[in-house]
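Fold and geometry: a report
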Amino acid sequence: MFVLILILVGMHRPRFADSTVVIIIVTACLWGSDRLLRFVKLCWNFFGNYATLTPMEDGAVRVKLHRPLRCAPGSHAFLWMPSIRFLESHPFTLVSADPVEFLIRKYDGYTHDLFELAQQQPGKRLRCSVDGGYGRIPDFMTFDRVILVAGGSGASFTFAIALSILKEGAAGNATKIIDFIWTVKHSESLNWFERELQQLQESPCVNLFIHVSRDDVTSEDCSRLNSALVAGDVEKGKEEANGRSIPLSDRRKGRPDTANLLAGCISQCSLESRIGVGACGPIQMIEAIRDAIYQSTYDNGPSIALYTEVGNLPRLHIAASARY
C-alpha cells in the first residue's frame, strides 16, 4: 500500500520542476534501502539456523532457535519460517535472546498454522530466520524498584526484563526489588514459563503475585497451583523451595486488584525512590494500570516511569511510554 501511494503521488505530480517528485524519489529510496537491509539480515540469520517447536497448554507454542541474537531484553523480532508462510514474517516478543525463544499464542492465520504443526509433530525442527531486535526498551536497572505486570502471553516481555535484571544484578552484586504480577485465564498457562518462574522463585529479591482469572477456580485448584509453582518438588507439592516460602499473594481467584497491588508496592518506597513499571497485556489491563498509577502519584511522591506494550492482536506491537 505504501509503494502504491508513492507511485500514485508521483504520477499525479510527474514534473521534476516540482519538488514533490524529488521527495517521492528520496522517500522510495529510503524505503527500498530499509527493505534491502532487512532482507540481507534475514538471509544472514537463515544460514545454520532452525527452530524447534514445542506445543504448550492452552493454545500456545514455544519456539526455540538454534542461533542467538544480540538485542535488548524485552524487545521483539520478526520470525520468518518459509515452511509456514514463505512471503511473511511476523513480530513476536523475545522471551530470551541466547538462545532465541518465543512464546506464541494461537490465533488465526500464521499462528494457527504454527500451532497445528507443533501439535501434529512435537519437537519438529524447521528452517527459519529472525530479524531483530526492535523496540526502545528503557534500562530498568536505573530504577530503585521495578514493578512488572503482565496478562497471559504478555509475560514474555516481563519475564525477559525480570531475568535480565537478576542477571545484571548478580554480575554487579547489586540487589533490586522486583514485584512481578502475572494474570492468566487458566492455571495450565503457568507451564508456558515454568523454567522462568523457577528462576524468579529462587531469588529473594522477587515478590511473585500469580492470579488465575478463570471463574470456576476452586480452593483445590489454588492448592494445586501453589504446589505447581514450587521449584523444589512439583510432584510432591512442597511448601518451600531452597529453604524459603514461595512469595505469592494471598489472592488466587479472579482478576487482581491492580490499584491496590500497585499502591502496596509503591507505598514501600521512599519519596526519593525511582520506580520503574513495565506492563504488557490487553488494552483493558494497560488502561487500568495507567489509572492506578495516576491515582497513586502525588506531587511529593516517588518518581514513577511507566512503560507499556499492548498486543491485542498477534501481529500488532504497539509501544508507548509515559512519566508521571
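Residues numbered from 1 in each chain as written. Predicted model: local features only at pLDDT ≥ 70, side-chain atom pairs only at ≥ 80, totals over all residues. Heavy atoms only, no water.

Under an unreviewed UniProt entry, the name given to the chain is ferric-chelate reductase (NADPH), and the source organism is Aspergillus pseudoviridinutans. UniProt's Sequence similarities (unreviewed entry) comment on the chain is quoted here verbatim: "Belongs to the ferric reductase (FRE) family." Quoted straight from UniProt, the Catalytic activity (unreviewed entry) entry for the chain says "2 a Fe(II)-siderophore + NADP(+) + H(+) = 2 a Fe(III)-siderophore + NADPH". (UniProt positions renumbered as here; feature names shortened; annotations may be inferred.)

Our focus in this paragraph is helix H3 (residues 110-120). Listing the buried residues of H3 in full gives Tyr110, Thr111, Leu114, Phe115, Leu117 and Ala118. When H3 is viewed along its axis, its buried side chains cluster within an angular range of 160° and face the same direction. Where the residues of H3 are buried, they touch strand E1 (50-56), strand E2 (60-65), strand E3 (76-80), strand E4 (89-97), strand E5 (100-105) and strand E6 (125-127). (Buried < 20%, exposed > 50% of the residue type's maximum accessible area, 1.4 Å probe, protein only. Helix = DSSP H or I, 4+ residues; strand = E, 2+ residues; numbered from the N terminus. Arc of directions from axis to C-beta. Contact = heavy atoms within 4.5 Å.)

Turning our eyes to something else, we now look at helix H4 (residues 155-171). The terminal C-alpha atoms of H4 lie 24 Å apart, and with 17 residues this matches the ideal 24 Å at 1.5 Å per residue to within 8%. Where burial is concerned, most of H4 is hidden: 13 out of the 17 residues are buried. (Expected span 1.5 Å × (residues − 1).)

Relative to the elements of secondary structure, Glu101 occurs in strand E5. In this structure Glu101 comes out as buried when scored by relative accessible area, which is 6%. A distance of 3.0 Å separates polar atoms of two side chains, one belonging to Glu101 and the other to Arg62. Non-local contacts of Glu101, meaning those with residues more than four positions away in its chain, are made with Arg62, Val63, Lys64, Thr93, Leu94, Val95, Ser96 and Arg195. (Polar contact = N/O pair within 3.5 Å; in protein donor to acceptor, adjacent residues only side chain to side chain.)

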